[in-house]
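What the coordinates show
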Amino acid sequence: MKNRRSIRGFTLIELITVMSIMVVLLGFGVPSFVDFVARSRATTEYRELQKALGLARSEAITRATTVNISAVSGSDWEQGFRIWIDTDTDGSYDAGEALREFSGFVSDADMSVTNNTTNFQFTSEGFLDAAIGTDFVFAYRTSPEYCSRDRNIRLKHTGHVSLEERACPP
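Read on for a plain summary of the structure. (Residues numbered from 1 in each chain as written. Predicted model: local features only at pLDDT ≥ 70, side-chain atom pairs only at ≥ 80, totals over all residues. Heavy atoms only, no water.)

**Looking at the pairing of strand S1 (residues 67–73)**
- Most of S1 is tucked away, with five of its seven residues classed as buried.
- Bridging between S1 and strand S5 (residues 119–122) involves four bridges; their strand directions are antiparallel. Directly across from Ile69, in S5, lies its bridge partner Phe120.
- Across five bridges, S1 lies against strand S2 (residues 76–84) in antiparallel orientation. Within S2, the residue paired with Ala71 across the bridge is Phe81.
- Here S1 folds back onto S2 in antiparallel fashion, the turn holding two residues, of which Gly74 has a positive phi close to 60 degrees. (Buried < 20%, exposed > 50% of the residue type's maximum accessible area, 1.4 Å probe, protein only. Helix = DSSP H or I, 4+ residues; strand = E, 2+ residues; numbered from the N terminus. Pairing = 2+ DSSP bridges.)

**Focus on the packing of aromatic side chains**
- Applying the stated criterion across every chain, the model contains nine aromatic pairs.
- For the ring pair Trp77 and Phe138, a centre distance of 5.1 Å and an interplane angle of 90 degrees mean the geometry is edge-to-face. In this pair, Trp77 is assigned in strand S2 and Phe138 in strand S6 (residues 136–141), connecting sequence segments 61 residues apart.
- For Trp77, a relative accessible area of 1% gives the class buried.
- The exposure class assigned to Phe138 is buried, which follows from its relative accessible area of 0%.
- On the numbers, 5.5 Å between centres and 65 degrees between planes, the contact of Phe105 with Tyr140 is edge-to-face. Within this pair, whereas Phe105 is found in the loop between strand S3 (98–103) and strand S4 (110–113), its partner Tyr140 is found in strand S6, the two being separated by 35 residues in sequence. Each of the two residues, Phe105 as well as Tyr140, counts as buried.
- Among the aromatic residues, those joined into a cluster by ring pairs are Trp77, Phe81, Phe102, Phe120, Phe136 and Phe138.
- Sitting over the face of the ring of Tyr93, Arg82 holds its NZ or CZ atom 3.8 Å from the ring centroid. (Phe/Tyr/Trp six-rings, centres within 6.5 Å; stacked < 30°, edge-to-face > 60°. Lys NZ or Arg CZ within 6 Å of the ring centre and 35° of its normal.)

Quick look at the structure:
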């Protein structure tokens, strides 16, 4: 009698079928995942600025002094921003005055501010500096095809910060 061994494994047709199904599933899943990552990154970036504005206001009230928040690089808020106290009262940021610094955006989103303002001051009562006396809007913008990710961060003269969805053009 011949001793037959049972050979276990997959046939070539079974392997090709499974690989084909996996390729189709990946074709649908990868674009969705990439979009999810981009949406999450956008949310993180504009919420970080929103929280930084709230933190600057809170620090001004807590420390009972004027606290600044400004763009790190000129008027480019997307390059980063910092919260600082002007300890030598010269009106400009000097090394050692920072309370906290935030890194720039990882995405290629743009951030513009009403009147290209590069520095805001919160008074010890938590209001924007009286000389300003108006609301400001930080416009977080991605590319036109992803308008749904865009947001406006409104900074009121009272110091309150709110987040608004951008109305996408038709």
